[in-house]
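Topology and contacts: notes
Take a look at the letters that make up each chain.
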Amino acid sequence: MLAALAALTACTQTPTTKTTHRIPTIVSLNPCADAILAEVTQPGQLLALSHYSADPRAASIDPAKARQYHTTRGTLEEVLALKPDVVVDSTFVPPATAAAYQRLGLRLETLGIASTVEESRAQIRQLAALAGNPAKGEALIARIETVLAQTAPAPGTQPIPALVWEPGGIVPGDNTLIADLLRRTGFANFAAARGLGQADQLPLERVLADPPRVILAAGSDRALRHPGLTNLTGTARASLDPRLLYCAGPTIIPAAQRLAEVRRTLPLLPIFAQHKWGGGPPQAGRRGPFPLSLSQALPSPNPA
């Protein structure tokens, strides 16, 4: 009887010691989550990215890396066909869709828009834990922190007023990731200092009357080529890839590097002209310089 009891006890304990945790498979429908998940998942774990990452003009992920994954437009039928364990979407997922995932036994994880580097760290850790690879998340955070340290201005450096100007005169508010990166790389958010919030418009007339030290042109627009800008004194222009504005995670790396590059070369960038606004007509045939191309390619998040 004692021998039988010992054998029974051993049998009941065996499954506990041999239990393994299965790594969950993931489908991402969130363009900002795409780039993070590509960094923190194991091969074969990330089943698909959002369709945004298939468009090099809009993707925050490196195009070469994006081509390694399937993409989906996010329909319920496409997601079900991939049979993931987890679906990562934005916080704007329709309630009916969220309820359908729950009924079908799929875990839904949502990711909002990170407005600070601190929030981005939390999101990286969230997705790395979800993927079962927290060490990969910490490695990504370490890379970001290294670049932020490298691109930070010297202590006591006076911030440079910079206007991030998108097509239509759209500007970023102060509670945005790009505003946080401006501060960390030695700039001051010109629009926010004048009371403008996220997605507010700054008309050309106000820029001409109260110009910044540098205009970071995030995209192409007729206002950015307006001849009136050629009459500004002390205002330079540099390009800023629009894909660097909204997503956090590994996108922080090329964004900070680009801003630091602009700050370093600012004394060398030509100003629009040597004539003050209202101080007389510009020289005949003179055009404002546009020193950097707006079609500049997005740098790789991992230059190494």
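Everything below is about the structure shown above.
Below or above, wherever it landed, is the structure these notes cover. (Residues numbered from 1 in each chain as written. Predicted model: local features only at pLDDT ≥ 70, side-chain atom pairs only at ≥ 80, totals over all residues. Heavy atoms only, no water.)

The volume enclosed by the largest pocket comes to roughly 790 Å³. Lining the largest pocket are 42 residues, with Asn-30, Pro-31, Cys-32, Ile-113 and Cys-247 sitting closest to its centre. Mapped by element, the contributors of at least two residues to the lining of the largest pocket are α2 (31-40), β4 (86-90), α5 (95-103) and α8 (177-184). Tallied by class, the residues present in the lining of the largest pocket amount to 22 nonpolar, 15 polar and five charged. (1 Å grid on protein atoms, 1.4 Å probe; cavity = no way out; pocket = protein on both sides within 12 Å on 5 of 7 lines; lining within 4 Å. Points joined across faces, edges and corners; volume = space filled by probe spheres on them. Helix = DSSP H or I, 4+ residues; strand = E, 2+ residues; numbered from the N terminus. Nonpolar A, V, L, I, M, F, W, Y, C, P; charged D, E, K, R; others polar.)

The next subject is the state of the cysteines. Applying the stated criterion across every chain yields a total of one disulfide. Sulfur-sulfur distance for the disulfide between Cys-32 and Cys-247 comes to 2.0 Å. Note on the Cys-32 and Cys-247 pair: the S-S dihedral is about -75 degrees, so by sign convention the disulfide is left-handed. A residue pair is termed long-range when its members are at least 10 positions apart, and Cys-32 in helix α2 and Cys-247 in the loop between β11 (236-239) and α10 (252-265) qualify at 215 residues. Given the relative accessible area of 9%, Cys-247 is considered buried. (Disulfide = S-S within 2.5 Å. Buried < 20%, exposed > 50% of the residue type's maximum accessible area, 1.4 Å probe, protein only.)

With their axes 9 Å apart at the nearest point, helix α7 (residues 134-151) and α10 run at an angle of 5 degrees to one another. With respect to their mutual orientation, α7 and α10 come out roughly parallel. Across the interface between the two elements, Arg-143, Ile-144, Val-147, Leu-148 and Thr-151 from α7 touch Ile-252, Ile-253, Ala-256, Gln-257, Ala-260 and Arg-263 from α10. Its residues assigned to classes, the contact of α7 with α10 comprises seven nonpolar, two polar and two charged. (Axes fitted to C-alpha atoms, helices over the stretch in contact; angles between N-to-C directions. Parallel < 35°, antiparallel > 145°, perpendicular 65-115°, else oblique. Contact = heavy atoms within 4.5 Å.)

This next bit is on the sheet that holds β11. If you trace the four strands from one edge of the open sheet to the other, you get β8-β6-β10-β11, paired in parallel fashion. In this open sheet, the two strands that pair with only one neighbour each are β8 (187-189) and β11. With direction set aside, neighbouring strand axes in the sheet form an average angle of 35 degrees. The pairing of strand β6 (residues 160-165) with strand β10 (residues 214-217) spans four bridges and is parallel. (Pairing = 2+ DSSP bridges.)

According to the stated counting rule, one finds 14 salt bridges in the structure shown. We note a salt bridge from Arg-258 to Glu-261, for which the minimum N-O separation is 2.7 Å. Highlighted residues: Arg-258 and Glu-261, both in helix α10, separated by three residues, approximately one helical turn. Residue Arg-258 is classed as buried on the basis of its relative accessible area, which comes to 7%. Where salt bridges share partners, they join Glu-118, Arg-121, Glu-145, Asp-174, Asp-180, Arg-183 and Arg-184 into one cluster. (Salt bridge = Lys/Arg side-chain N within 4 Å of Asp/Glu carboxyl O.)

Keep in mind that these numbers describe shape and distance, not what the molecule does.
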